[in-house]
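Below, each chain spelled out in residue letters.
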Amino acid sequence: MNILILGSGGREHALAWAVKQNPKCDRLIVAPGNAGIAQVAELADIDMLDGAAVVEFCGENAIDFLIVGPEAPLAAGVADAARDAGILTFGPSAAAAKLEASKGFTKEICDACNAPTAGYARFDNAADARAYVEKMGAPIVIKADGLAAGKGVIMGMTMEEALAGIDEIFGGAFGEAGAEVVIEEFMEGEEASFFILSDGENALPIGTAQDHKRVGDGDTGPNTGGMGAYSPAPVLTDAIQKQAMDEIVLPTIREMARRGTPYQGVLYAGLMIKDGHARLVEYNCRFGDPECQVLMLRLGAQALDLMLACAEGRLDSAKVNWADDHAMTVVMAAKGYPGNYSKGSVIGGLEGLAEDSWQTVFHAGTKEKDGKITANGGRVLNVTARGNTLREAHAKAYALVDAIDWPDGFCRRDIGWRAL
Ligand code: AMP
Ligand code: GLY
């Protein structure tokens, strides 16, 4: 099979790494990819937001299966364009990707199927939003409705922060994504991520993970896209997974199908767990980054079979084979991230690393320059390892981190602390 993966981050490197191990994969192309992905796949330079360009490329290269990594092409309808052209595709339609692309839409779906989530209200102007916050009081959560690269959520821990958040969003900080605001009850508890494949009708859980959003050790400092993750997440016990499936995920999938916009792809449910009960924080219409890296290390080659079963509507007969293992990924970022950082510093020590099915380094933002790997983003490497216990995975991942020679990079030293 010839397979095309869209994306350029650590998530797509992990997807490519897993897909490549499956004997069904003959030719693997990633667009646009990065320097690490180039070590396992061919790269192609196409605009992944342009559905017509993606379809044309698939035709020219006899692509049998398209996997869409990030949310932006999904929200832009690239999966629709590919399916309309008869290309087998993993990833939801633009209409179904609204579960990530509009927070207000997700709340509407939760209401329709009675799924537990934070109480909320929607606003299209600052005056009404401010009046609502003044009535409800802090803490309260202010969200831009649309896609804002993970930055559109403001935790109003005080009234001042909440009101400033409303002004920021309606002031245009997130452009069109902030034309509407969702204001939510602040939920306490422990957060975890639950990944489910859906073919529109059937649903198959494929793993749990927890990430670390704050930049500094001990969960301090500003929020990031994620500084590390581990899988499984012990807080998501079998009982809580069952409750989340019965009360949140399955009703959502049924409601999406009932509306004529079935959800096909991976559904990433961000959950808040308190007193043995999960409530929905948000949906994403793609794998988490860096959560995908730990899931792929654990699933290995079967990830391709699962994604094919999903795209072909065969999930009712698919199952996951677990090795009873644990995985961890540590994000190495450029100094200064998530604020200002510089690009171009050379990363040494990568060539000599012992990489196998138990440990590997996924590249999130790298570029090859004069034969050397250089940093090309904020989050740069995802140092990933697997073990029979989380402690073993942790020891292996940090041994790899210590073997990498990158003075301009940093990482958290406490990934997994909650579970360890
Ligand atoms: P979201 O993009 O909706 O996932 O929000 C980003 C992060 O903000 C989440 O991962 C949570 O840590 C936090 N968050 C979002 N909504 C709430 C809420 N209603 N209560 C508490 N924390 C929240
Ligand atoms: N790591 C969080 C996300 O992918 O949204």
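Computed from a predicted structure; not experimentally measured.

Engineer: Help me understand a negative patch on the surface in this model?
Structural biologist: A cluster of acidic side chains, namely D47, D50, E56 and E60, defines a negative patch on the protein surface. Positionally, E60 belongs in helix α2 (residues 51-60). Exposure remark for E60: the relative accessible area of 59% places this residue in the exposed category.

Engineer: Even after reading the chapter, I still don't get the site of ligand 2, so can you show me in this structure?
Structural biologist: Taken together, D211, G225, Y268, N284, R286, G288, D289, P290 and E291 make up all the residues around ligand 2. A distance of 3.2 Å is found between a nitrogen atom of ligand 2 and a backbone nitrogen or oxygen belonging to G225. Taking R286, its side chain carries an N or O atom lying 3.0 Å from an oxygen atom of ligand 2. If ligand 2 stood free it would expose 200 Å²; the protein chains cover 87% of that surface. Taken together, the residues of the shell around ligand 2 sort by class into two nonpolar, three polar and four charged.

Engineer: What exactly am I supposed to notice about unusual backbone geometry here?
Structural biologist: A negative phi holds for most residues other than glycine; trans holds for most peptide bonds. Cis geometry marks the peptide bond from A31 to P32, where omega comes out at 0°. Even without being a glycine, A62 presents a positive backbone phi close to 50°. Checked against the element boundaries, A62 lands in the loop between α2 and β4 (65-68). By relative accessible area, which is 45% here, A62 ends up partly exposed. Its identity as a non-glycine residue notwithstanding, D275 has a phi of 50°, on the positive side.

Engineer: Can you help me understand the sheet that holds strand β2 (residues 27-32) in this one?
Structural biologist: Backbone hydrogen bonds are what pair the strands of a sheet, in a parallel or an antiparallel way. The strand order β3-β2-β1-β4-β5 describes an open sheet built from five strands, whose pairing is parallel. One side of each edge strand has no neighbouring strand; the edge strands of this open sheet are β3 (42-43) and β5 (88-90). Its contacts with the sheet place α2 against β1 (2-7), β2 and β4, and it is angled at close to 155° to β1.

Engineer: Any chance you could explain helix α9 (residues 238-258) here in plain terms?
Structural biologist: Residues three or four positions apart in an α-helix share a direction because the helix packs 3.6 residues into each turn. For α9, spanning 21 residues, the distance from its first C-alpha to its last is 28 Å, which sits close to the expected 30 Å at 1.5 Å a residue. Residues of α9 that are buried sit in contact with α5 (98-101), α6 (103-113), β10 (190-199), β11 (203-211), β15 (264-274) and β16 (277-284). Count one or two residues on from α9 and you reach G260, which has phi positive near 80°.

Engineer: It is not clear to me how helix α1 (residues 10-20) should be interpreted in this structure. Could you clarify?
Structural biologist: The buried fraction of α1 is high, at 10 of 11 residues. Among the residues of α1, those classed as buried are G10, R11, E12, H13, A14, L15, A16, W17, A18 and V19.

Engineer: In this structure, what is going on with the layout of surface pockets? I would like to understand it.
Structural biologist: Think of a ball as big as a water molecule: rolled over the atoms, this probe shows where empty space is left. When its volume is computed, the second largest pocket comes out at roughly 210 Å³. What lines the second largest pocket is simply H13, W17, Q39, V40, L350, E351, E355, T360, V361, H363 and I373. By residue number, the principal contributor to the lining of the second largest pocket is strand β18 (residues 359-363), which donates three residues. Its residues assigned to classes, the lining of the second largest pocket shows five nonpolar, four polar and two charged.

Engineer: So what exactly am I meant to see when it comes to the pairing of strand β13 (residues 220-223) here?
Structural biologist: The pairing of strand β12 (residues 214-216) with β13 spans two bridges and is classified as antiparallel. Of the residues in β13, the one forming a bridge with G216 is T220. In textbook terms, the turn of a hairpin is the stretch between consecutive antiparallel strands, and for β12 and β13 this stretch comprises three residues, one of which, G218, has a positive phi near 75°.

Engineer: Just to check I follow, could you spell out the site of ligand 1 for this structure?
Structural biologist: Lining the immediate surroundings of ligand 1 are 15 residues, of which E184, E185, M187, E191 and E282 lie closest. E184 is positioned with one of its side-chain polar atoms (N or O) 2.7 Å from a nitrogen atom of ligand 1. The separation between a nitrogen atom of ligand 1 and a polar main-chain atom of E185 is 2.9 Å. For ligand 1, the accessible surface in isolation is 470 Å², of which the surrounding protein chains cover 88%. At the level of secondary structure, the elements contributing two or more residues to the shell around ligand 1 comprise β7 (140-144), β8 (153-156), β9 (181-185) and β16. In terms of residue class, the shell around ligand 1 is made up of eight nonpolar, no polar and seven charged.

Engineer: Explanation requested: the packing of helix α7 (residues 126-136) against helix α8 (residues 159-170) in the structure shown.
Structural biologist: Geometrically, a packed helix pair is captured by the angle between its two axes and the distance between the axes. Between α7 and α8, the least distance of the axes is 10 Å, while the angle of their chain directions is 165°. As the angle between them shows, α7 and α8 are arranged roughly antiparallel. The two elements α7 and α8 meet at a crossing, and its hand is right-handed. For the pair α7 and α8, contact is made by A126, A129, R130, V133 and E134 and by M159, A162, L163, I166, D167 and F170, respectively.

Engineer: For this particular structure, what's the right way to read empty space enclosed by the protein?
Structural biologist: This model, assessed by the stated rule, comprises one cavity of 30 Å³ or more. By volume, the largest cavity amounts to about 100 Å³. If you go around the largest cavity, you meet 14 residues; those closest to its centre are K103, T106, V281, E282 and Y283.

Engineer: What am I meant to see in the pairing of β8 here?
Structural biologist: Remark: a regular strand shows side chains that alternate across the two faces of the sheet. Taking every second residue as pointing to the same face, the buried face of β8 carries I154 and G156, while none of V153 and M155 on the other face is buried. Pairing of β7 with β8 involves four bridges; the strand directions are antiparallel. Within the sheet, the bridge partner assigned to K143 lies in β8 and is V153.

Engineer: Could you clarify how one ought to interpret the packing of α1 against helix α10 (residues 291-299) in this entry?
Structural biologist: The N-to-C vectors of α1 and α10 enclose an angle of 10°; their axes lie 8 Å apart at closest approach. Relative to α10, α1 is oriented roughly parallel. On α10, the residues that touch G10, R11, A14, L15, W17 and A18 of α1 are C292, Q293, M296 and L297. Residue composition of the contact of α1 with α10, grouped by class: seven nonpolar, two polar and one charged.

Engineer: Please clarify how the environment of F410 should be interpreted in this entry.
Structural biologist: Structurally, F410 can be placed in strand β22 (residues 409-410). Spatially, the C-alpha atom of F410 lies 5.5 Å from that of M332, the residues being 78 residues apart in sequence.

Criteria and cut-off values
- Residues numbered from 1 in each chain as written.
- Chains lettered and ligands numbered in written order.
- Predicted model: local features only at pLDDT ≥ 70, side-chain atom pairs only at ≥ 80, totals over all residues.
- Heavy atoms only, no water.
- Patch = residues over 30% accessible without salt bridge, like charges linked within 9 Å, V, L, I, M, F, W, Y side chains within 5 Å.
- Areas by Shrake-Rupley, 256 points an atom, 1.4 Å probe, with all protein chains shown as cover.
- Salt bridge = Lys/Arg side-chain N within 4 Å of Asp/Glu carboxyl O.
- Lys, Arg positive; Asp, Glu negative; His and termini not counted.
- Charge placed at Lys NZ, Arg CZ, Asp CG, Glu CD.
- Helix = DSSP H or I, 4+ residues; strand = E, 2+ residues; numbered from the N terminus.
- Buried < 20%, exposed > 50% of the residue type's maximum accessible area, 1.4 Å probe, protein only.
- Near = heavy atom within 4 Å.
- Polar contact = N/O pair within 3.5 Å; in protein donor to acceptor, adjacent residues only side chain to side chain.
- Nonpolar A, V, L, I, M, F, W, Y, C, P; charged D, E, K, R; others polar.
- Pairing = 2+ DSSP bridges.
- Contact = heavy atoms within 4.5 Å.
- Axes fitted to C-alpha atoms, helices over the stretch in contact; angles between N-to-C directions.
- Expected span 1.5 Å × (residues − 1).
- 1 Å grid on protein atoms, 1.4 Å probe; cavity = no way out; pocket = protein on both sides within 12 Å on 5 of 7 lines; lining within 4 Å.
- Points joined across faces, edges and corners; volume = space filled by probe spheres on them.
- Parallel < 35°, antiparallel > 145°, perpendicular 65-115°, else oblique.
- Left-handed = near helix turned anticlockwise from the far one by under 90°.

Any link to function would need more than the numbers given here.
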